[in-house]
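# Chain and residue survey
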Amino acid sequence: MKIRVVTASDTHQKHQHLQVPDGDIFIHAGDFTNRGSLESVKEFNTFLGSLPHRYKIIIAGNHDLCFESKNAEARALITNAIYLQDEGITIEGIHFYGSPWQPWFFSWAFNLKKPEELRQKWDLIPTHTNILITHGPPFGYGDRTLRGDQVGCKELLKRVEILKPKYHIFGHIHEGAGQFQSTDTTFINASSCNFGYKPVNPPIVFDYTVP
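Below is a summary of the structure that appears in this document.

Rules behind the numbers
Residues numbered from 1 in each chain as written. Predicted model: local features only at pLDDT ≥ 70, side-chain atom pairs only at ≥ 80, totals over all residues. Heavy atoms only, no water. Pairing = 2+ DSSP bridges. Helix = DSSP H or I, 4+ residues; strand = E, 2+ residues; numbered from the N terminus. Contact = heavy atoms within 4.5 Å. Axes fitted to C-alpha atoms, helices over the stretch in contact; angles between N-to-C directions. Left-handed = near helix turned anticlockwise from the far one by under 90°. Nonpolar A, V, L, I, M, F, W, Y, C, P; charged D, E, K, R; others polar. Buried < 20%, exposed > 50% of the residue type's maximum accessible area, 1.4 Å probe, protein only.

### Considering the sheet that holds strand E13 (residues 204-209)
Hydrogen bonds along the backbone pair up the strands of a sheet, which may run parallel or antiparallel. A sheet is described by the order of its strands in space; here 5 strands give the open sequence E4-E3-E2-E1-E13, paired in mixed fashion. Strand pairing shows two members of the sheet lacking a second neighbour, strand E4 (82-83) and E13, which therefore form its edges. The pairing of strand E1 (residues 2-8) with E13 spans 6 bridges and is antiparallel. Bridged to valine 5 within E13 is phenylalanine 206. Contacts from helix H1 (residues 38-50) reach strand E2 (25-28) and strand E3 (55-58), with the element oriented near 150° to E3.

### Thoughts on the packing of helix H4 (residues 115-122) against helix H5 (residues 154-163)
Each packed pair of helices is defined by two parameters, the angle between the axes and the distance between the axes. At a minimum axis separation of 9 Å, H4 and H5 run at an interaxial angle of 30°. Taken as a pair, H4 and H5 cross one another with a handedness that is right-handed. Of H5, the residues touching H4 (which contributes Pro115, Leu118, Arg119 and Trp122) are Glu155, Leu156 and Arg159. Residues that form the contact of H4 with H5 fall into these classes: 4 nonpolar, no polar and 3 charged.

### Description of the pairing of strand E12 (residues 186-189)
Regular strands show a simple pattern: their side chains alternate between the two faces of the sheet. With burial as the criterion, each face of E12 is covered, one bearing Thr186 and Ile188 and the other bearing Phe187 and Asn189. As defined by bridge partners, strand E10 (residues 167-170) adjoins E12 across 4 bridges and the pair is classed as parallel. Residue pairing in the sheet places histidine 168 in a bridge with phenylalanine 187 of E12. The pairing of strand E11 (residues 178-181) with E12 spans 4 bridges and is antiparallel. When the sheet's bridge partners are listed, phenylalanine 180 is paired in E12 with phenylalanine 187.

### What to know about the side chain of asparagine 45
Relative to the helices and strands, asparagine 45 is located in helix H1. Residue class for asparagine 45 comes out buried when judged on its relative accessible area of 8%. If we skip the residues at most four places from it in the chain, asparagine 45 touches Leu77, Ile78, Thr79 and Asn80.

Right under this line is the structure:
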């Protein structure tokens, strides 16, 4: 059985400009708002309700501030998707796990300074995860900035190399958008906006074959 998965990230309140392909599951890897207002979360939830996909899964990103400061209130506004925050869910035989954390990035949400803090978060990812969704990239995959720096999380990469999920979906570094392959995992930086916050990158689609 093949499940069509449609991925996007970092739309920054410009999701209405996306041409979202049909599929079975829509995934958004965070930064659907600019500054995390509850009103912008409501608007995004309305957009999610307009999509035809049977399942929608989202996580928060560093711009989605209210999901850290007012978590219960923000989560309650998401009625048209499954919100994951250090949580997993199995759909159609595929196990998804979502987490919003990243190495310290200015003064936005879900920042962690110490490697051991990040390691504690990634250790929560179950061994049976098939599709991992994080907001930030792992080190070395879709994490290169315009300055040439690689800013992905090394602790996340270590965990991914142990778990070997079939897909790892993320965003955060707009200029790193695209697909990358290791021996065991397909990495997808699904950032919709480019470095100038223009929604120029179409959603990335793949078919997941369920044994």
